[in-house]
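Inside the fold
Letter by letter, the chains look like this.
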Amino acid sequence: MKKRKVKEGIFKVTPWEVSGKIDYDKLIKEFGLNPLRFLPKQFNKLPLFRRGIVFAHRDFKQIVEAIQKKKKFVMMTGLMPFGKFHFGHKAVADQIIFYQSLGAKIYLAVADIEAYNTRNPNMEELRETAIKEYLTNYIALGLKPKNCDFYFQSQRSKDGKKANAYYSLANLLARHVTFNEFKAIYGEINPGKMISALLQASDMLHPQLPEFEGKPLPVVVPVGADQDPHLRLARDISQRIKIYKFTQLSSTYLKFIPGLKGIDTKMSSSDPNSYVALTDSPKQVEEKIKKHAFSGGKGSVAEHRKLGGNPDVDVSYQYLRMFFEPDDKKLKKIHDDYKSGKLLTSELKEYLIKKINVFLKEHQRKRKLAEKQVDKFIFKA
Ligand code: TRP
């Protein structure tokens, strides 16, 4: 990856590159998103929603309505099968499983064609990672086979009618977009990226085809903010194609989960010291947090006691906020104590390490059981 000098206020969020210190208010304005403010009370169960980590949306009202009126809707998202499954991925998994519990039909695409075209042309490896890392962890986290259509972009379905419908749609969409639009949306573009974008549009739209859910219906696509260009493209062309009357796509946007090295870094599958994986051992967790988790604390205990720490940039505190401390009162106390200097960095880290390891012990036990369940998800349809 090219290193860019990060100037204050300059950041980049595209499907191919995320860099700089991201200003989410600016992003909302630039992309034309809506802040996510009022949610039905069920959503409060998830810290990700309650604490604003899922921060923006497009056309989410129709999903709220479907939930309230108990109407059918779909949740569709995709994954790039690279590296270890870490807590950045878990943030998406939590949402998938939550929507399934609300009664949504789940569509999950393994973006193996996109991965092949943009990063790693080893199909065997991509497939193995998708199953051993992603699917197995999804199942351990609570994903159920019922109402779940898990597929590979390279092998949509054993049913020829369904497969044809999915690939035809990707190809027909090409007629409804110009090269200049591609350049305007993506900047840098090439044939592999164009194909990936159109296939992703088909991922998001095909649940509404006669061969799948049978008719137009609301579909919500929960993604990271870097995926919004794909949504803009799919939303635009979906309304231009006349042979189908697609219901406009809804989407929600997740903030980037910070990497261990700092609040403005990302968990990157190519650097094991940037993330905590869901398969890490207790020792690895302890070492990663103690050695690598960026601290908002002061250099010495005396100084920290006097001046206090900064929870806003403290990665350990942020992980508690995003994943490990569901109790709002306890979280607030940790925040305030850290800020006042009463709570030391070492104590905060100890607390987090314990929380992570309690979670991982149970998760890894479930993961063993999940390994035996994967067949219930693959090539069902
Ligand atoms: N492009 C997505 C990523 O980089 C993966 C993806 C493929 C996807 N198809 C999708 C995401 C459909 C959401 C919906 O992670």
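Everything numeric in this text was worked out from a predicted model, so none of it was measured. (Residues numbered from 1 in each chain as written. Predicted model: local features only at pLDDT ≥ 70, side-chain atom pairs only at ≥ 80, totals over all residues. Heavy atoms only, no water.)

**Focus: the site of the ligand**
Looking at the ligand, there are 13 residues lining it, with Met-80, Glu-114, Gln-200, Asp-203 and Gln-227 nearest. Within the side chain of Glu-114, one N or O atom sits 2.8 Å away from a nitrogen atom of the ligand. Here a nitrogen atom of the ligand sits 2.8 Å away from a polar atom, N or O, in the side chain of Asp-203. In isolation the ligand exposes 360 Å². Once the protein is present, 90% of that is buried. Looking at the shell around the ligand, the elements with two or more residues in it are strand S5 (74-79), helix H9 (191-205) and strand S8 (219-224). Class assignment of the residues belonging to the shell around the ligand gives a composition of 6 nonpolar, 5 polar and 2 charged. (Near = heavy atom within 4 Å. Polar contact = N/O pair within 3.5 Å; in protein donor to acceptor, adjacent residues only side chain to side chain. Areas by Shrake-Rupley, 256 points an atom, 1.4 Å probe, with all protein chains shown as cover. Helix = DSSP H or I, 4+ residues; strand = E, 2+ residues; numbered from the N terminus. Nonpolar A, V, L, I, M, F, W, Y, C, P; charged D, E, K, R; others polar.)

**Remarks on the pairing of strand S7 (residues 148-152)**
Counting buried positions along S7 yields 5 of 5 residues, so the element is predominantly enclosed. The two faces of S7 match: Cys-148, Phe-150 and Phe-152 on one face and Asp-149 and Tyr-151 on the other face are all buried. (Buried < 20%, exposed > 50% of the residue type's maximum accessible area, 1.4 Å probe, protein only.)

**Considerations on the domain arrangement of the chain**
Examined at the domain level, the chain breaks down into domain 1 (57-254) and domain 2 (268-368). Each of domain 1 and domain 2 has a C-alpha centre, and the two are 33 Å apart. Domain 1 puts 16 residues into the contact, and the matching count from domain 2 is 13 residues. Buried surface at the junction of domain 1 and domain 2, both sides included, amounts to about 1300 Å², of which 66% is carbon and sulfur. When the buried area of domain 1 at its contact with domain 2 is split by residue, His-86, Phe-87 and Ala-140 rank highest and sum to 46% of it. Seen at the junction of domain 1 and domain 2, the total is 0 salt bridges. Along the contact surface separating domain 1 from domain 2 lie 5 residue pairs in polar contact (both at pLDDT 80 or more). Counting only elements with at least two residues in the side of domain 1 that touches domain 2, the list comes to helix H4 (87-101) and helix H6 (123-141). The element best represented in the side of domain 1 that touches domain 2 is H6, accounting for 6 residues. (Domains from an automatic or database assignment. Contact = heavy atoms within 4.5 Å. Buried area = accessible area lost by both parts, 1.4 Å probe. Salt bridge = Lys/Arg side-chain N within 4 Å of Asp/Glu carboxyl O.)

**Structural notes on the side chain of Asp-149**
Its place among the elements puts Asp-149 in strand S7. A polar contact is formed between the side chain of Asp-149 and the side chain of Arg-156, at a distance of 2.9 Å. If we skip the residues at most four places from it in the chain, Asp-149 touches Lys-105, Ile-106, Tyr-107, Leu-108 and Arg-156.

**As for unusual backbone geometry**
Working note: non-glycine residues mostly have negative phi, and peptide bonds are mostly trans. Residues other than glycine seldom take positive phi values, yet Asp-59 does so here, at roughly 45°. In the Ramachandran plot, Lys-70 falls in the positive-phi region, its phi being about 55° despite a non-glycine side chain. When you line up the elements, Lys-70 lands in the loop between helix H3 (61-68) and S5. With relative accessibility at 77%, the residue Lys-70 sits in the exposed group.

**Observations concerning the sheet that holds S5**
Here we have 7 strands laid out as an open sheet, ordered S3-S4-S9-S8-S5-S6-S7, and mixed in their pairing. The strands lining the two open edges of the sheet, one partner per strand, are strand S3 (34-35) and S7. (Pairing = 2+ DSSP bridges.)

**Overview of the nonpolar core**
Of all hydrophobic cores here, the largest spans 72 residues; its most connected members are Tyr-99, Tyr-138, Phe-150 and Ile-289. Residue assignment places this core across two domains, with domain 1 (57-254) and domain 2 (268-368) each supplying three or more. Filtering out sequence-adjacent residues up to four positions away, Phe-150 remains in contact with Leu-79, Leu-108, Val-110, Ala-130, Leu-135, Phe-377 and Ile-378. In this structure, Val-13, Ala-197, Leu-217 and Ile-241 belong to the second largest nonpolar core, which totals 47 residues. (Core = buried A, V, L, I, M, F, W, Y, C linked by side-chain atoms within 4.5 Å.)

**Considerations on the packing of H9 against helix H10 (residues 228-238)**
Between H9 and H10, the shortest axis-to-axis distance is 9 Å and the interhelical angle comes to 70°. As far as their axial angle goes, H10 and H9 are roughly perpendicular. Remark: the crossing between H9 and H10 carries right-handed chirality. Residue-level inspection shows Ala-197, Leu-198, Gln-200, Ala-201, Met-204 and Leu-205 of H9 in contact with H10, the latter providing His-230, Leu-231, Leu-233, Ala-234, Ile-237 and Ser-238. Looking at the contact of H9 with H10 residue by residue, the classes come out as 9 nonpolar, 3 polar and no charged. (Axes fitted to C-alpha atoms, helices over the stretch in contact; angles between N-to-C directions. Parallel < 35°, antiparallel > 145°, perpendicular 65-115°, else oblique. Left-handed = near helix turned anticlockwise from the far one by under 90°.)

**Details of the packing of aromatic side chains**
All chains considered together, the criterion is met by 22 aromatic pairs. Aromatic pair Phe-324 and Phe-359: ring centres 6.2 Å apart, planes at 70°, arrangement edge-to-face. Of this pair, Phe-324 sits in helix H13 (residues 315-324) while Phe-359 sits in helix H15 (residues 345-371), and the two are 35 residues apart along the sequence. On the basis of relative accessibility, which here comes to 25%, the residue Phe-359 falls in the partly exposed class. Members of the aromatic cluster, joined through ring pairs, are Phe-43, Phe-49, Phe-60, Phe-73, Phe-98 and Tyr-99. Sitting above the plane of the Tyr-166 ring, Arg-156 keeps its charged end 5.9 Å from the centroid. In this arrangement the basic side chain of Arg-232 is found over the ring face of Phe-31, its NZ or CZ atom lying 4.7 Å from the centre. (Phe/Tyr/Trp six-rings, centres within 6.5 Å; stacked < 30°, edge-to-face > 60°. Lys NZ or Arg CZ within 6 Å of the ring centre and 35° of its normal.)

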